[in-house]
Structure formats: structure tokens, C-alpha cells
Amino acid sequence: MSEPLLTVDGLQAWYGRAHILDGIALTVGRGEVVALMGRNGAGKTTTLKAIMGLVERRAATLRFDGRDLSALPAHRIARLGVGYVPEDRRIFADLTVEENLEVGRQPPRPGAPAWTPEKLFALFPNLAEMRGRRGTRMSGGEQQMLTLARTLMGNPSLLLLDEPSEGLAPLIVKQMAEAVRRLKAEGLSVLLSEQSLSFASWVADRACVIETGRPRWTGPMTELMADDGVRAAYLAV
Amino acid sequence: MSFLLVQALSGLATAATLFLVSSGLTIVFGVTRIVNFAHGSFYMVGAYAGWSLIERFGGTPAGFWGSVAAAALAMGVLGAAMEIGLLRRLYRSPELFQLLGTFGVVLVVQDLTAWAWGPEDLLGRRAPGLKGSIDILDQPFPLYDLVLIGLGPLVLGLLWLLFNRTRWGTLVRAATQDREMTSALGVDPARLFTGVLFLGCALAGLGGALQVPRESVTLQMDMAIVVEAFVVVVVGGMGSLTGAFLASLLIGQLQAFGILVFPQITLVIVFLFMAVVLVLRPHGLLGRAEEVPPTAPATVTVPLSAGRHAGPWALALLALLAAAPLVAGDYALILLTEVVILALFAASLHLLIGLGGLVSFGHAAWFGLGAYGSALLVKHLGAPMPLALAGAPVLAGLGALVAGWFCVRRSGLYFAMLTLAFAQIVWSIAFQWYAVTGGDNGILGVWPPAWAAGKATYYWLTLGLCGGALWLLRRAAFAPFGYALRAGRDSGLRAESVGIDVRRFQWMAFVLAGTAAGLAGGLYAFAKGSVFPTLLAVPQSVDALVMVLMGGIQTVAGPLAGALVFHLLESEVMSLTDWWRLVLGLIIVALVLVFPKGIVGFLSGIRRRA
Ligand SMILES: Nc1ncnc2c1ncn2[C@@H]1O[C@H](COP(=O)(O)OP(=O)(O)O)[C@@H](O)[C@H]1O
Ligand SMILES: [Mg+2]
């Protein structure tokens, strides 16, 4: 079997002196969608930020596409083809939709789908209608779509998607799940963090469950859906 | 009528220069969140470099404008170098460190410029093809100024295009809003910031080089312009280009007509205008409300323990100091007297910074006001020394009462800018009101009477008064007043929610600090026998900041150690060389980069580790 696209092992991370992650391990294969699951505060966001180089971290293994990420700053990691979509929809509110997309633009990358604003507007028709609008005047769902579209402009081969369904209306959640499936079909690999089992079960091939910064369980999504014990221990509120 | 028109036009020409310089300052601030004190230095060096190039190549229009452009580009390169060498390490530092670090650059550049071009003012040649003037309603108006007037809007338009119609501009605006997210999208923020510094400093250099045909090039240009540019940027709204443009126009007119109405106090008008704008529109004319410049949290939160043994130690130190005249000669006593005075000055500033989290950039105002208060009482009313000394803290305290009311309305950088503005007001009164203050000749002959003229006697007097004042400041720090101040510093909102009127306590602290600094100033006047406007000027405020910084922000003993080290450095090391600005500037930069906790904090850190 070839090396997975992303391999994480023994990942530690800190906020200042607070030690948050302790030994996270996971892999994402090429073309695979993996759900990183756990309760609120389990460390999902921190895991994604640590991979991206946005928090202080150390790892036994942190490899992406054959490259070691552990010493690279965020912008270098992004340029290798890792796309990061934050949970709090950090769009640039002063910039228009088109300008937001422009900030994310990177040259096309072999082995990853190449995006243009036109292709993205086809994927997210809502955005097409508000190209010149500033971020301050968009709904939560629209902002979430824009955050995702903006990251796709960098033509990533791996997408780190933080709680894509959080705080969205049910209809928009469906659209979001649809978009993730389309991206998988285009050949993208995705690591997404989720609390919602239903969303994860719609899109993910495998799940990785963490609690208080430690890995607890990993396996196919279908197995997690069947295993009441694991769900009760680490996911039920 | 035509006279007024020409006056308005010359106001527009001033505004154009002001805009070029302040647009650079506001761009740099908008992106890096650093108020670059050295911005005026790029203006000054731009003028010097422009002068040299124009002397050599400026005979033809192409040569002239090429020289101006080359000078601007050279300043851009220097600005980029400063970003890489210094600013990059300060983005996460408290604003005190940023202001001081860039002020260190001001000092270094001043000496290097004097070394390269000499101390004399330089007169440049006029712009070829634009030497004459045209008649506007029968009044002559210089052609060159007309070109400048056109240049302001042109540069505004070009900058607008740059920021709104290019990828680089879009990235810069994105990074201004969310640096981390921008880097997560694959943009190297460091390179972006270097580019921004290049642009900002090139604009300052352009403004400077364009001044060559209008006025002589001097070593004072840097501070003069940077303070005006601060006013423009604050009035316009920090980070807003259009705001800077608008504010430049207003201030240009204010200066052009103010000089007709109140020729003595043009500077005062400008600063008063700024204070009024800030009270009416706290974020400037076009500034954004939500922008609270993110400041790094207080570096360390070591609680100021009252120190069970502090009392005996302080008494022992006092006894030691009081015994000094038994062994020390006159020169050493003069030095010690000054150290004790400066210690009080620094401690009063420390009260604001360390306890209140209020970084004042104009603390010299109260020191100088005290000094002038004493000197004026002696000079004009023939007051005896005790009365003159009593008048010093009263006058300074009253001044601080008025200024404080404005200043504590804002925090962070705006507070620093407001205090700077008030200090400049007081300075310009001392500087411009010749009849009363003697202008830059100062007031001489402020000596103690015979009974206190002995060096030892005056030293003991100083020690007694300063020791008493320091004891009171320390009492205040550990009284409920001090705890309320600290609560306001650490979390203004939380303090408000438990019923502490933070602003009121800050105002009280401002007055207390001003009063104490005033006493120090009064003592200083009699120690030196004279007062000069420099006592009120920015460098004096910076000296106090450096003393506090050397001693460490979080320790009460810090300012004392800082005053001692600083004054010894100043009088024993820097006096040995003509290049004391260079030395001091390098010391400041090194301090800011190496000892973010100050000397005392550094030593106690070592002790704790050992
Ligand atoms: N900026 C921060 N500073 C300090 N602690 C933080 C910060 N952000 C998150 N934490 C802590 O880190 C832990 C993990 O948080 P997070 O990764 O956001 O969890 P999740 O995304 O799974 O909800 C939590 O205990 C949280 O309180
Ligand atoms: Mg989260």
C-alpha cells in the first residue's frame, strides 16, 4: 500500500503553557474523507490548527505528500497543497466575495483539481449572485460557503475542514454535505472535524475519535455507527 | 480677498506634504499596528538624500524629478530594512516597546545624518522650470506649490488604485484584518509587511525630497513632521487613507489661517483641534469604531507583593543615601541629586504604566511644567524657594487634571498619542511665548537661597522631599486605589462590572503622577539653576520611559534602578562622545529587543531560575 497523503503521529500542541494535544495519531489516504470526532473541547480544532502550523506543536510524525511539515510555517504548508477552512468563518469582512477568493488564489497544482471563480460559483450558486458584496452583508451559511470556496482557490489536494455543519440551518447543512461529496468525487482528500454524527455519516469513509487531546478510537464510519459503546463513551453529550 | 485665497492655497500646499508623509504612517499602522516614530526620520533623510541628488543632477527637469524619485525609493529600501531588522521582532510586543524601539531608530538616524551631511542647515536649488510664480488675483503664488497641491490628490488616487485594484493591495487589506488567516491561505505575511514598510517609508521620503526647493533641510525636520503626522493620522482615523487626506486638508488650513490670527500659538491650535476631535469622534473622522488596536497582554503578571522586608530595605537604602555627603565630593553629590530627582520622575511614570497600564508618551509635560512653575514664580514674582517648590507640583497637578480628563477617555495607542499631544501643547507654549517663558533662551538664575546652596544641603532637601513623595506613591500603589488601578489595567470590563469606575481612578492616577513629576521638575530647576523648553520635549518623555523600561515595568523598585543606571550612562558614558544620540538609540533598541522585562525583572528572573 502506498503512503497515505497525511500521516500524523504523536502530535502534541500547546496554547501558551496549556498542553492541549497529547499524542494524536491519524492518517488520511488519497481520495479519502476522514471525520475527526469528539465532544466540544476535545481538541479537534487544535488538531487541525496544529497540522496547519497555527499553534505551537511538536510531532513524532507529521508528513504530507512525502514532506515533513513539522518545521514549516503556515504559509509554506498552504503552498504545499493543504487547504484550511476555519470553524469560525474568518472571511475578510471588508473585502468583496471576489476579493476574498483572490486572496486564496494559488497556481494550479498537479494532482489536485484546479479551481477558478467561475467553477466555484457553479458549485455554490448563492455566491455567484453576490460577487461584489462585502462579507459584512452575508448570512452565516453564505459566509461558510465563501470560506470553503476561498480555500479551494488555492487548489489544495488535502482539505482541513473544521466543523463545516456548525450553526447552519438544516437545508444548508445538506448543501454542505453535497459539496463535500462533490469535492471527494473531484479527487480531493478531506479531514473534517465534526460533532454531528449524521453529517459525518453522510460524507466520511473513516472516523477518528479523540477525547481531551488523546486518540480513542479509529475505524470505518460504518463501524462507528454500529458501535453504541464508543459513541456513548466519547460522543454522546 | 485675494490675500485669503493665496493663504488658502498655501495651506493646500502644506496639506499636500502632510498627506504624503501621513499616508505612509497610516498605511504602516493599518497593517502592522505599529506607530512608527521613525517615520519622520525617513522624511528627513529623504530630504537630505534629495538635496544631494538635486545638487548633482537637478539642473534639468528630468534630473530633478529623477532625483526626487530616487530619494523616495532609497527611503523605501531603508524602511524595508528596518522592518526586517527591528519591527518584525516587535509585532507581538506591548506598544510601549514598539514606540520606544522606533524612537531609538530616530536617535540613531539623527546622529548618522549629522555625521553624513554635517550640522548646518542646507538650502537646496529650486525646481527647474518651476522657479517662478503666477499671479492669482494679483497676488503672486509659487508655481512649485501649485504642483504640490496637485500631487496630493494624485497620490491619494494612485494609492487607492494600488489597494483596490491590485492583488498586492488586496492581500495587504486581507492581512490587515486577519494576519493568521491570510498566512493559512499561503501568503507570507513577513514579505507583505516588508513591502508595506517599503511603501510607507518611500512616501515619507518623497514628502521630504519634495521639500528641498521650498525650505532648508535641517536636523529638526524629523520630529517636527512626525508629530504633525501623528496628529493627522489620529484626527483622520488610524489606518484610514481618506481620513488622512481630509485631516491634512483641515490641518493645512488651520495652520495657514491660524498663523494670521494667533501667530504665537499655531502649534497649540493644531493640538487642541486634535484633542477636540478625539473627544467628539473617539476614532477620528473616518476611523472605525471596532478597532481597538490589539495590544499584547501585560508581559508578566507577577503580583506586586508588598514585600514584607521592603520597609527595612527602603530605610536602609535611605540611610545609606543620606550618609553619602560624608564621603562624596561635590560632583558626585550633584550627580546623586539628579539621580534622586529622576527616580521620582520615573516612579511617577511607573505609576501610570506599571499599575494603570497607561503608556504616557508625554510625561515630560508635568516634569517641565513643575520646573517652569518654579522658575516663573522666582523670575516674575520673586518667590522664595519653598514657595516656588510648592508651586511646582500644584501647577503640574492642575495641568494634569485638565489634560487627564481628555486622555483617560482613550486607552492604548490613542492614550499615548493624546499625552504626546498635550506635552507638545505645553512645549510649544514654553517655546513660543517669549515674553513670559523666554522661548528657547529659557529662564536662568533659578538658584537656591544661601541656606540651601550647599551641595550637601540641597541634596538632603531633595532626598527628603523625593523620599517622602516616593513613599506616598508606594502607599498609593498598595492602597485600594492601587488595586483598583491594576484591576482596570488587567480587565477594564470586569473591573467596571464589580463597580470600579476605572476611568475615574485612571484620572486620579494621572493627576497624582503629574503632581509627583511636577515636584521632581521643581527640584530639578533649582538643581540646575535654569529651565529650558527641552525639559518638556519628547526626548525628555522618552528618557523617563527608558528609565522605567530599564528598571522593568512590573517592579516598584525598578524605576529607581532605572534612573540610577540611566543617569550614570547619560552623564558618564554618553558625555564622553559627541554621538550620544547614536549610543542612546542603540541602547534603547537593544533594551527593547533583549530585555523585555527590564533590568530588575531580568535579574529577578535569573534569581528565580537559580
Ligand atoms: N486560544 C486558546 N487558548 C487556550 N486554550 C484554548 C484555546 N483554544 C482552545 N483551548 C482549549 O483547548 C481545548 C481544545 O479546544 P478545541 O481544539 O477548540 O476543541 P474542539 O474543537 O474539539 O471543540 C479546550 O479545552 C479549550 O478550552
Ligand atoms: Mg472546534
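Chemist: Residue-level account of the overall build of chain B, with values.
Modeler: Looking only at helices and strands, one finds 25 helices and four strands in chain B. Against the compact-globule benchmark of 25 Å for 610 residues, chain B has a radius of gyration of 25 Å, which places it among compact chains. For chain B, the spread of C-alpha atoms along the three principal axes comes to 75 × 60 × 45 Å. The buried share among the 610 residues of chain B stands at 57%.

Chemist: With reference to specific residues and values, describe the nonpolar core.
Modeler: In terms of nonpolar packing, the biggest core is built from 231 residues, with Leu191 of chain A together with Phe37 of chain B touching the most fellow members. With 14 residues, the top contributor of residues to this core is helix α13 (residues 330-355) of chain B. The residues that make up this core include at least three from each of domain 1 (2-222) and domain 2 (315-538) of chain B. Of all hydrophobic cores here, the second largest spans 44 residues; its members include Val97, Met145, Ala149 and Met221 of chain A.

Chemist: Would you mind going over helix α7 (residues 170-185) of chain A in detail, with residue names and values included?
Modeler: Residues and elements named next belong to chain A. The first and last C-alpha atoms of α7 sit 23 Å apart over 16 residues, in line with the 22 Å expected at 1.5 Å per residue. When α7 is considered as a whole, its buried residues turn out to be Val173, Met176, Ala177, Ala179, Val180 and Leu183. For α7, the arc enclosing every buried residue in end-on projection is 160°, short of the 170-degree limit, so these residues lie on one face. Exposed side chains of α7 directed beyond 90 degrees from the buried face belong to Pro170, Leu171, Lys174 and Ala185. At its buried positions, α7 is contacted by α4 (117-123), α6 (140-152), β8 (158-162), β9 (189-194) and α8 (197-203). At the exit of α7 stands Gly187, carrying a positive phi of roughly 110°.

Chemist: Which residues make up the packing of α13 of chain B against helix α21 (residues 502-528) of chain B, and what values go with them?
Modeler: Residue and element names in this part refer to chain B. At a minimum axis separation of 8 Å, α13 and α21 run at an interaxial angle of 165°. Of the possible angle classes, the one that applies to α13 and α21 is roughly antiparallel. The chirality of how α13 crosses α21 is left-handed. From α13, Thr337, Glu338, Ile341, Leu344, Phe345, Ser348, Leu351 and Leu352 reach across to α21, where they touch Ala509, Phe510, Leu512, Ala513, Ala516, Ala517, Leu519, Ala520, Leu523, Tyr524, Ala527 and Lys528. When its residues are assigned to classes, the contact of α13 with α21 shows 16 nonpolar, two polar and two charged.

Chemist: Describe in detail the site of ligand 1, supporting the description with residues and values.
Modeler: Residue and element names in this part refer to chain A. The immediate surroundings of ligand 1 are formed by Tyr15, Ile20, Arg39, Asn40, Gly41, Ala42, Gly43, Lys44, Thr45 and Thr46. The contact in question runs from an oxygen atom of ligand 1 to an N or O atom on the side chain of Asn40, over 3.2 Å. Gly43 is positioned with one of its backbone polar atoms (N or O) 2.9 Å from an oxygen atom of ligand 1. The protein chains hide 59% of the 560 Å² of surface that ligand 1 would expose on its own. At three residues, helix α1 (residues 44-52) tops the list of elements feeding residues into the shell around ligand 1.

Chemist: Please give an account of the pattern of salt bridges that cites residues and values.
Modeler: Under the counting rule described, the total for this entry stands at 20 salt bridges over all chains. With a closest N to O distance of 2.7 Å, Glu99 of chain A and Arg173 of chain B form a salt bridge. Taken together, the residues Glu99 of chain A in helix α3 (residues 97-104) and Arg173 of chain B in helix α6 (residues 167-177) connect one chain to another. Residue classification places Glu99 of chain A among the buried positions, given a relative accessible area of 13%. On the accessibility criterion, Arg173 of chain B (16% relative accessible area) is buried. Put simply, Asp205 of chain A and Lys184 of chain A hold a salt bridge, and the shortest N to O gap is 2.9 Å. Of the two residues, Asp205 of chain A sits in the loop between α8 and β10 (206-211) while Lys184 of chain A sits in helix α7, which places them 21 residues apart along the sequence. Three or more residues joined by partner-sharing salt bridges are found here, namely Arg39, Glu211 and Arg216 of chain A.

Chemist: Describe helix α18 (residues 455-478) of chain B, with residues and values.
Modeler: Taking 1.5 Å of rise per residue, the 24 residues of α18 of chain B would be expected to cover 34 Å, and the 34 Å separating its terminal C-alpha atoms lies within 8% of that figure. For α18 of chain B, the complete set of buried residues consists of Tyr458, Tyr459, Thr462, Leu463, Cys466, Ala469, Leu473, Ala476, Ala477 and Phe478 of chain B.

Chemist: Would you mind going over the environment of Ala537 of chain B in detail, with residue names and values included?
Modeler: All names here are of chain B. Of note, Ala537 is situated in the loop between β4 (530-531) and α22 (538-551). By relative accessible area, Ala537 is classed as buried at 14%. A C-alpha to C-alpha distance of 6.1 Å links Ala537 and Trp427, two positions 110 residues apart in sequence. The contacts of Ala537, once residues within four sequence positions are left out, are Ala364 and Trp427.

Chemist: Outline the domain arrangement of chain B, listing residues and values.
Modeler: All names here are of chain B. In terms of domain boundaries, chain B breaks down into domain 1 (2-222) and domain 2 (315-538). Put simply, the middle of domain 1 and the middle of domain 2, counted by C-alpha atoms, are 36 Å apart. Between domain 1 and domain 2, the residue contacts involve nine residues of the former and eight residues of the latter. Buried area between domain 1 and domain 2, summed over both chains or domains, comes out near 750 Å², and the portion from carbon and sulfur atoms is 92%. The three residues of domain 1 that bury the most area against domain 2 are Glu95, Leu96 and Leu99, which together make up 55% of that side's buried surface. Joining domain 1 to domain 2, the criterion identifies zero salt bridges.

Chemist: Explain unusual backbone geometry to me, using residue names and the numbers behind them.
Modeler: Leaving glycine aside, a negative phi is the common case for residues, and trans is the common case for peptide bonds. All names here are of chain A. You will see that Glu163, though not glycine, has its phi angle at about 45°, which is positive. You can see Glu163 is positioned in the loop between β8 and α7. The class for Glu163 is buried, based on a relative accessible area of 6%.

Chemist: Can you explain the side chain of Ser157 of chain A? Please cite residues and give values.
Modeler: Residue and element names in this part refer to chain A. Considering the arrangement of structural elements, one finds Ser157 in the loop between α6 and β8. Judged by relative accessible area, which is 13%, Ser157 ranks as buried. Setting aside chain neighbours within four positions, we find Ser157 in contact with Leu5, Phe64, Gly81, Gly111, Ala112, Leu188 and Ser189.

Chemist: Give me the coordination of the magnesium ion (ligand 2): which residues, what numbers.
Modeler: Residue and element names in this part refer to chain A. Donor atoms from the polypeptide that bind the magnesium ion (ligand 2) are Thr45 (OG1) and Glu87 (OE), placed at 2.0 to 2.7 Å. Placement of Thr45 in helix α1 and of Glu87 in the loop between β7 (82-85) and α3 is noted, with a sequence separation of 42 residues between them. Looking at Thr45, the relative accessible area reads 17%, which means it is buried.

Chemist: Any chance you could break down the interface of chain B and chain A for me, citing the residues and the numbers?
Modeler: Contact residues are listed per partner, giving 19 residues for chain B and 22 residues for chain A. Both faces considered, chain B and chain A share a buried interface measuring about 1,900 Å² in area, 52% of it formed by carbon and sulfur atoms. Where chain B touches chain A, the interface holds four salt bridges. Between Arg167 of chain B and Glu102 of chain A there is a salt bridge, with the nearest N and O atoms lying 2.9 Å from each other. The tally of links between chain B and chain A comes to 10 residue pairs in polar contact (both at pLDDT 80 or more). Put simply, the parts of the chain that give the side of chain B that touches chain A at least two residues each are α6 and α7 (179-184) of chain B. Looking at the side of chain B that touches chain A, the element that brings in the most residues is α6 of chain B, giving six residues. Tallied by class, residues from the side of chain B that touches chain A come to seven nonpolar, six polar and six charged.

Chemist: Tell me about the environment of Leu395 of chain B, and please be specific about residues and values.
Modeler: Residue and element names in this part refer to chain B. Mapping Leu395 onto the fold places it in helix α15 (residues 385-407). With 38 residues separating them in the primary sequence, Leu395 and Trp433 have C-alpha atoms 17 Å apart. Excluding residues that lie within four positions of it along the chain, Leu395 makes contacts with Leu369 and Gly373.

Conventions we followed
Residues numbered from 1 in each chain as written. Chains lettered and ligands numbered in written order. Predicted model: local features only at pLDDT ≥ 70, side-chain atom pairs only at ≥ 80, totals over all residues. Heavy atoms only, no water. Helix = DSSP H or I, 4+ residues; strand = E, 2+ residues; numbered from the N terminus. Rg over C-alpha atoms; globule rule 2.2 N^0.38 Å. Buried < 20%, exposed > 50% of the residue type's maximum accessible area, 1.4 Å probe, protein only. Core = buried A, V, L, I, M, F, W, Y, C linked by side-chain atoms within 4.5 Å. Domains from an automatic or database assignment. Expected span 1.5 Å × (residues − 1). Arc of directions from axis to C-beta. Contact = heavy atoms within 4.5 Å. Axes fitted to C-alpha atoms, helices over the stretch in contact; angles between N-to-C directions. Parallel < 35°, antiparallel > 145°, perpendicular 65-115°, else oblique. Left-handed = near helix turned anticlockwise from the far one by under 90°. Nonpolar A, V, L, I, M, F, W, Y, C, P; charged D, E, K, R; others polar. Near = heavy atom within 4 Å. Polar contact = N/O pair within 3.5 Å; in protein donor to acceptor, adjacent residues only side chain to side chain. Areas by Shrake-Rupley, 256 points an atom, 1.4 Å probe, with all protein chains shown as cover. Salt bridge = Lys/Arg side-chain N within 4 Å of Asp/Glu carboxyl O. Buried area = accessible area lost by both parts, 1.4 Å probe. Donors = N, O, S within 2.8 Å, 3.2 Å for Na, K, Ca; no water.

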